Amino acid sequence: MISSKKLQSLLKQATYKTLDAFHHDYGDEHIYILSLFTSGDYRYVVDSISTTEGLKRVAQKYLTYPNFQDWGEINTAMEKLKWSQPDSPHHIRYQYFFDDANELIETFWEETPETDDDYMKTCQLIHESCELVLRDVRDKDLVADDVVLNILMGDQSDEERYINAERINRPDVLRQYRKELVIDEVRLEYLRRTYWSWND
C-alpha cells in the first residue's frame, strides 16, 4: 500500500543526515541552494547542494576548457553555472542516505496502476512529500535564512523551477531567487493552472 507518511519520514531522515554530513565535511562552505533532485517522472529522489565556494571552483575549471573561453572571467562563469545543479561538486554527494526512500519509491511505482491519472497521482505524492520535507528544513532553521530550497530535475524551465520554489520558500528568498531567473509571465501563469495535468 502506498504510504506518503512513510516516504516523508524516510526523506526527512535522509535530508537531515545529508545536512549533518555536509556541515561536518564542508562546514566552512556557504550553501546558497539545497534541493531534492529527481527525474522528470519521479523515479528517485537524491540530494543536491550548491555552495559559493564550490561554484567558484567549478567556474575556474570551466574557464580552462576551449569551448568556454568566451565567458572571459570568473564572475561570468559563476553566473552561467550558478543554478546548474549537476555542475555542483556537491551534487548527489550523499545520495546513499536516500537508498531506503528510493526503495520505497520503486515500490510505489510497482503498485501504481498503468493509467494516466494514477501515474500523475504518484508523481504528485512524491513531489508533495519532498515539499513537506523542505518546508520542515525551513521551519526548523536547518539552513541559513537566505538559502533557496527547491525540488529540481535535470531538464526544467526557469518557470518550473520558480513554481516549485513558491510553495517552499519565504517571500524574501523567493523575491531574490526570481531576480536571478528568466521568467516568461504568460508561461508561468499557464503552468500554475496546468501543473498536475496532461496539458501541454
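**Some words on the pairing of strand E1 (residues 31-38)**
Then comes step 1: Counting buried positions over the eight residues of E1 gives eight, a clear majority of the element.
Then comes step 2: Two elements, E1 and strand E2 (residues 45-51), share seven bridges in a ladder whose sense is antiparallel. Residue pairing across strands places isoleucine 31 opposite threonine 51, the latter belonging to E2.
Then comes step 3: Following E1, the chain reverses through six residues before pairing antiparallel with E2; tyrosine 42 in that reversal takes a positive phi of roughly 55°.
Then comes step 4: Examined bridge by bridge, E1 and strand E3 (residues 148-153) share six bridges and lie parallel to one another. When the bridges of E3 are listed, phenylalanine 37 appears paired with leucine 152.

**Regarding the side chain of serine 157**
Then comes step 1: Following the sequence through the fold, serine 157 ends up in the loop between E3 and helix H6 (158-166).
Then comes step 2: At a separation of 3.3 Å, a polar atom in the side chain of serine 157 contacts the side chain of glutamate 159.
Then comes step 3: Every residue in contact with serine 157, bar those within four places of it in the chain, is listed here: Arg187 and Leu191.

**Notes on helix H8 (residues 185-194)**
An α-helix turns once per 3.6 residues; consequently, residues spaced three or four apart project the same way.
Then comes step 1: Residues of H8 that are buried include every one of Leu188, Leu191 and Thr194, and no others. What you see down the axis of H8 is that its buried residues fit within an arc of 145°, all on one side. Seen from the open side of H8, the exposed residues pointing more than 90 degrees away from its buried face are Val186 and Arg193.
Then comes step 2: The inward-facing, buried residues of H8 abut H6 and helix H7 (171-179).

**What about the environment of tyrosine 16?**
Then comes step 1: Note on placement: tyrosine 16 falls in helix H1 (residues 4-26).
Then comes step 2: Assessed through its relative accessible area of 26%, tyrosine 16 is described here as partly exposed.
Then comes step 3: Sequence separation between tyrosine 16 and leucine 142 is 126 residues; the distance between their C-alpha atoms is 8.6 Å.
Then comes step 4: Setting aside chain neighbours within four positions, we find tyrosine 16 in contact with Asp136, Lys140 and Leu142.

Calculation notes
- Residues numbered from 1 in each chain as written.
- Predicted model: local features only at pLDDT ≥ 70, side-chain atom pairs only at ≥ 80, totals over all residues.
- Heavy atoms only, no water.
- Buried < 20%, exposed > 50% of the residue type's maximum accessible area, 1.4 Å probe, protein only.
- Helix = DSSP H or I, 4+ residues; strand = E, 2+ residues; numbered from the N terminus.
- Pairing = 2+ DSSP bridges.
- Polar contact = N/O pair within 3.5 Å; in protein donor to acceptor, adjacent residues only side chain to side chain.
- Contact = heavy atoms within 4.5 Å.
- Arc of directions from axis to C-beta.

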